[in-house]
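Residues per chain, in single letters:
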Amino acid sequence: MEDLYNLIYWGNYDQKIDTLAKMTNENWNFKGMTNNLVLKNYLKHTARKLQEEDKIITTDDYWIMNTGLFDSYYESIYIYAEKDLSDTKQSWLFKSFMTPYELGNMGITQLPERANYFEHPEELIFNPNLQINIQYRHILEDESNLERMKSITCKNLTSLLRGEIEMMKMKVSANYKLAVPQYYQHKIQLLLPLCLEDGKTPDMALVVSKSDSGKYYQGHTCLTLEMAYNNARLIAKPESNWLVP
């Protein structure tokens, strides 16, 4: 399936993305960076999901996508592009980020829906009464996973990880908002904070998903906070105070 998002000609892409970032009044950069990497990742994956759901509107004249984002007045923001008549590959020329009012001024009344990542709201809530089965071998032996944990100075990571997971379950039991949902491979997972270095400050996120039976969680891997935020932002801006750009 051809990626519709890649058919858009943006001109100065970084400049356009910076314009959108300012419209949302949201921080889309990791510490020390200014390239809006989180927003670029968000748009790419959101467009892919919308295409899967057949929610990108294309006509003989224009292309419209609901970004799922809002401006400072909580008006939905859409990407509006027009057919590039000079291109035989049926590409599109980006024109503007628009609100429903602005599109309405152009006589466009059929607007695409937002991406839908879950059907049941309870999927977003962590159940502290369920057991978590941890894939310790992957977390503590896989090279890519160990690379993410290279800043942790403890020599006995196994004992540290086991103890912190038990502490994390108590913290999430006291405050369910600490569990942040992410969307991965067509499934909702939860990100749980781990404070491995000092026991107080989150420095990794444990990824868990509920079993098909709904009777336990599977703990798959650990992510850096940057990786976790990138994934979580696809669904919504995390409201938790531990997962921030």
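Heads up: these notes are all about the structure in this document. Quick caveat, the model's predicted, so the values are computed rather than measured.

Scanning the chain for helices and strands turns up 7 helices and 10 strands. C-alpha extents for the chain along the principal axes are approximately 65 × 40 × 35 Å. Taking all 245 residues of the chain together, 45% fall into the buried category. Within the chain, contacts between residues separated by at least 24 positions form 54% of all contacts whose residues are at least 6 apart in sequence. Taking the average place of the 26 positive charges on the side chains of the chain and the average place of its 32 negative ones, the gap between the two points comes to 6 Å.

Strand order in the open sheet formed by 5 strands is β1-β5-β4-β3-β2, and the pairing between neighbours is mixed. The open sheet terminates on both sides in strands that have one partner only, identified here as β1 (8–9) and β2 (57–58). Here strand β3 (residues 62–70) pairs with strand β4 (residues 76–83) via 6 bridges, running antiparallel. Of the residues in β4, the one forming a bridge with Phe 70 is Ser 76.

Time to look at the layout of surface pockets. Computed from the structure, the largest pocket encloses a volume of approximately 780 Å³. Taken together, 33 residues line the largest pocket, and the ones lying closest to its centre are Ile 235, Ala 236, Lys 237, Pro 238 and Glu 239. Put simply, the parts of the chain that give the lining of the largest pocket at least two residues each are α2 (37–52), β3 and β7 (180–184). In terms of residues, the lining of the largest pocket owes the most to one element, β3, which gives 4 residues. By residue class, the composition of the lining of the largest pocket is 18 nonpolar, 8 polar and 7 charged.

The next thing to look at is the environment of Gly 68. By the element assignment, Gly 68 lies in strand β3. On a C-alpha basis, the gap between Gly 68 and Pro 245 in space is 19 Å, while along the polypeptide they are 177 residues apart. Ignoring sequence-local partners within four residues, the contact set of Gly 68 consists of Tyr 42, Ile 77 and Arg 114.

What counts, and where the lines are drawn
- Within every chain, residues take consecutive numbers counted from 1 along the sequence as written.
- At least 70 in pLDDT is required for a residue's local features to be given in this predicted model, at least 80 for side-chain atom pairs to be given and counted, and no such filter applies to totals for whole chains, interfaces and linings, which use all residues.
- To obtain the side-chain values, all non-hydrogen atoms of the structure were included, while hydrogens and water were left out.
- Put simply, DSSP H or I for four residues or longer makes a helix, DSSP E for two residues or longer makes a strand, and each gets a number counted from the N terminus.
- Note on exposure labels: buried denotes an accessible area under 20% of the residue type's maximum, exposed denotes more than 50%, and partly exposed covers the range between, all computed with a 1.4 Å probe on protein chains only.
- Here a residue-residue contact requires only that any non-hydrogen atoms of the pair lie within 4.5 Å.
- Counted charges follow a simple rule, with Lys and Arg positive, Asp and Glu negative, and His plus the chain ends left uncounted.
- We put the charge of a Lys on NZ, of an Arg on CZ, of an Asp on CG and of a Glu on CD.
- Between any two strands, pairing holds if DSSP finds at least two bridges.
- Put simply, the grid is 1 Å and covers the protein atoms alone, a cavity is a trapped set of points that fit a 1.4 Å probe, a pocket is an open set with protein on both sides within 12 Å along at least five of seven lines, and lining residues have an atom within 4 Å of a point.
- Grid points are joined across faces, edges and corners, and a volume is the space filled by probe spheres set on the points.
- For this scheme, ten residues count as nonpolar: Ala, Val, Leu, Ile, Met, Phe, Trp, Tyr, Cys and Pro. Four count as charged, namely Asp, Glu, Lys and Arg, and the remainder, Gly too, count as polar.

The analysis is restricted to geometry; functional conclusions fall outside its scope.
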